[in-house]
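# Fold and contact review
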Amino acid sequence: MHIEESIKLDFKDVLIRPKRSTLPSRSNVDIRREFIFHHSGKKYFGIPIMAANMDSTGTFEMATALGTQGLSAALHKHYAENELVGFFQSLPQKNLPRSSAFYSMGVGQADYDKFTAVMHRAGDAVEYVCIDVANGYTERFIQFVKKVRNEHPHLIIMAGNVVTGDITEELILAGADIVKVGIGPGSVCTTRKMTGVGYPQLSAIIECADAAHGLGGLICADGGCVVPGDLAKAFGGGADFIMVGGMLAGHDECAGDTVERDGKKYKRFYGMSSRTAMEKYAGGVAQYRASEGKEVLVEYRGPVINTLQDILGGVRSACTYVGARKLKELTKRTTFIRVTQQLNEVFGKS
Ligand code: 5GP
């Protein structure tokens, strides 16, 4: 047994210190980024925020809505082969950048077979792939990333999830362009409760970004953003991309029925390892495992574009507070201060 004594931080533990700035207004801030991916050599240009590959938020509708605004969505894993081929082939007709949608898969044989079939039929239409497992620390996962990289040198591969620098480096050496970071911070995740495993998300971002950038790789901070300021902190900590689930749930573009309770409209939102998801896709929770996600009702919020304005406005404003003309400069201009209180909630929590 070993105890790590250094302090590890979450979004709630810090604020960003303001700095002198010559920026006249937040409208002068450019929150798009340009990257050249380490392995694929391809170029990215856009707003590096994406919807999570969950049933609710990882939909074709979300990818289309976010794509028109320069953002992305990682599609959930449960679309059928034909649907995926049709969607990816339709991106140029819809005038959407290919970065608007990531194909997602796990590491099982069925995942691999479907992926191979889609790649065979859709060819170059699929450019971005997310290889996604709850625990990115297994040898099987690393080998799978290597195999996909060897077979598809031009694909942009995002792989995760992990929370430490050592494995981030290993994944980049194995062929990942982007390493997805986060174990346990998600809004409908119960991994920390069920297993006791996890890592405070801001420190995970800082440490993994440092490891990835040293090798020319990138990271995507996945989970735990609750308010727009958390995205600013994630970018400030070194995240290149951010994935969000709960903040994008409850919108028209999300899958699932709208339900009414006491005259109010809600949409269902559940973790991909929750009992609900396992009952839907795996015929129930297998005897050897426990559910590591939960289901909640999220207030219905109309079209996602309304929420986007809040999120992007918050990130732009953070940049003006520290004098970052471009999102790229935000991390260089970020000094975190540790705090014991974030908000004044005398008039409630909103
Ligand atoms: P959020 O933005 O809602 O805080 O976090 C979204 C992330 O939570 C997802 O991208 C995914 O990494 C994670 N997640 C989604 N469903 C589950 C689940 O059932 N269990 C766990 N442990 N994590 C989940």
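Structural data are supplied above this passage.
A few points on the structure.

## Focus on the sheet that holds strand S12 (residues 258-261)
- In spatial order, the strands read S12-S13-S14; together these 3 strands make up an open sheet with antiparallel pairing. With partners counted over all chains shown, the strands left at the sheet margins are S12 and strand S14 (295-299), one partner each. Ignoring which end each strand starts from, the neighbouring axes of this sheet average 45° apart.
- Judged from the 5 bridges that link them, strand S13 (residues 264-270) and S14 form a sheet pairing that is antiparallel. Looking at S14, one finds that lysine 267 is bridged to valine 298.

## Digging into the environment of arginine 325
- Within the fold, arginine 325 resides in the loop between helix H10 (304-322) and helix H11 (327-330).
- When the C-alpha positions of arginine 325 and asparagine 28 are compared, they lie 6.8 Å apart, and in sequence the two are 297 residues distant.
- Sequence-distant contacts of arginine 325, defined by excluding residues within four places in its chain, comprise Thr22, Leu23, Asn28, Val29 and Asp30.

## Remarks on the pattern of salt bridges
- Applying the stated rule across the entire model yields 13 salt bridges.
- Between lysine 43 and glutamate 34 there is a salt bridge, with the nearest N and O atoms lying 3.6 Å from each other.
- With a relative accessible area of 49%, glutamate 34 lands in the partly exposed category.
- Notably, a salt bridge pairs lysine 280 with aspartate 55, separated by 3.5 Å at the nearest N-O pair. In this pair, lysine 280 is assigned in helix H9 (residues 275-281) and aspartate 55 in the loop between strand S4 (49-51) and helix H1 (60-68), connecting sequence segments 225 residues apart.
- Linked by salt bridges that have partners in common, Asp132, Lys180 and Asp222 make up one network.

## Quick notes on the nonpolar core
- Membership of the largest hydrophobic core comes to 85 residues, with the highest contact counts inside it found for Phe88 and Ile131.
- Broken down by element, this core gets its largest block of residues, 7 residues, from H10.
- Contact partners of isoleucine 131, with chain neighbours within four places excluded, come to Met105, Val107, Phe141, Phe144, Val145, Val148, Ile157, Met158, Ala159 and Gly160.
- Ranked by size, the runner-up nonpolar core spans 21 residues in total, among them Phe102, Cys130, Ile178 and Phe269.

## Looking at the packing of helix H5 (residues 165-174) against helix H7 (residues 201-214)
- Between H5 and H7, the shortest axis-to-axis distance is 8 Å and the interhelical angle comes to 35°. The handedness of the crossing between H5 and H7 comes out as right-handed. Seen from H5, the contacting residues are Gly165, Thr168, Glu169 and Ile172; seen from H7, they are Glu207, Cys208, Ala211 and Ala212.

## Regarding the layout of surface pockets
- Approximately 220 Å³ is the volume attributed to the second largest pocket.
- Its residues assigned to classes, the lining of the second largest pocket comprises 4 nonpolar, 4 polar and 4 charged.

## Some points on the sheet that holds S4
- Judged by pairing direction, the barrel is parallel, and its 8 strands sit side by side in the order S4-S5-S6-S7-S8-S9-S10-S11 before closing back on the first. Strand after strand, the sheet turns through a mean of 25° between neighbouring axes, direction not considered.
- Taken together, the 3 bridges between strand S10 (residues 218-222) and strand S11 (residues 241-244) define a ladder with parallel strand orientation. Note on S11: the bridge partner recorded for aspartate 222 is methionine 243.
- Relative to strand S6 (residues 101-105), helix H3 (residues 109-122) is tilted by about 145°, and along the sheet it contacts S6 and strand S7 (128-132).
- Contacts from helix H8 (residues 228-236) reach S4, S10 and S11 within the one sheet, and its direction differs from that of S11 by about 145°.

Parameters at a glance
- Residues numbered from 1 in each chain as written.
- Predicted model: local features only at pLDDT ≥ 70, side-chain atom pairs only at ≥ 80, totals over all residues.
- Heavy atoms only, no water.
- Pairing = 2+ DSSP bridges.
- Helix = DSSP H or I, 4+ residues; strand = E, 2+ residues; numbered from the N terminus.
- Axes fitted to C-alpha atoms, helices over the stretch in contact; angles between N-to-C directions.
- Contact = heavy atoms within 4.5 Å.
- Salt bridge = Lys/Arg side-chain N within 4 Å of Asp/Glu carboxyl O.
- Buried < 20%, exposed > 50% of the residue type's maximum accessible area, 1.4 Å probe, protein only.
- Core = buried A, V, L, I, M, F, W, Y, C linked by side-chain atoms within 4.5 Å.
- Left-handed = near helix turned anticlockwise from the far one by under 90°.
- 1 Å grid on protein atoms, 1.4 Å probe; cavity = no way out; pocket = protein on both sides within 12 Å on 5 of 7 lines; lining within 4 Å.
- Points joined across faces, edges and corners; volume = space filled by probe spheres on them.
- Nonpolar A, V, L, I, M, F, W, Y, C, P; charged D, E, K, R; others polar.

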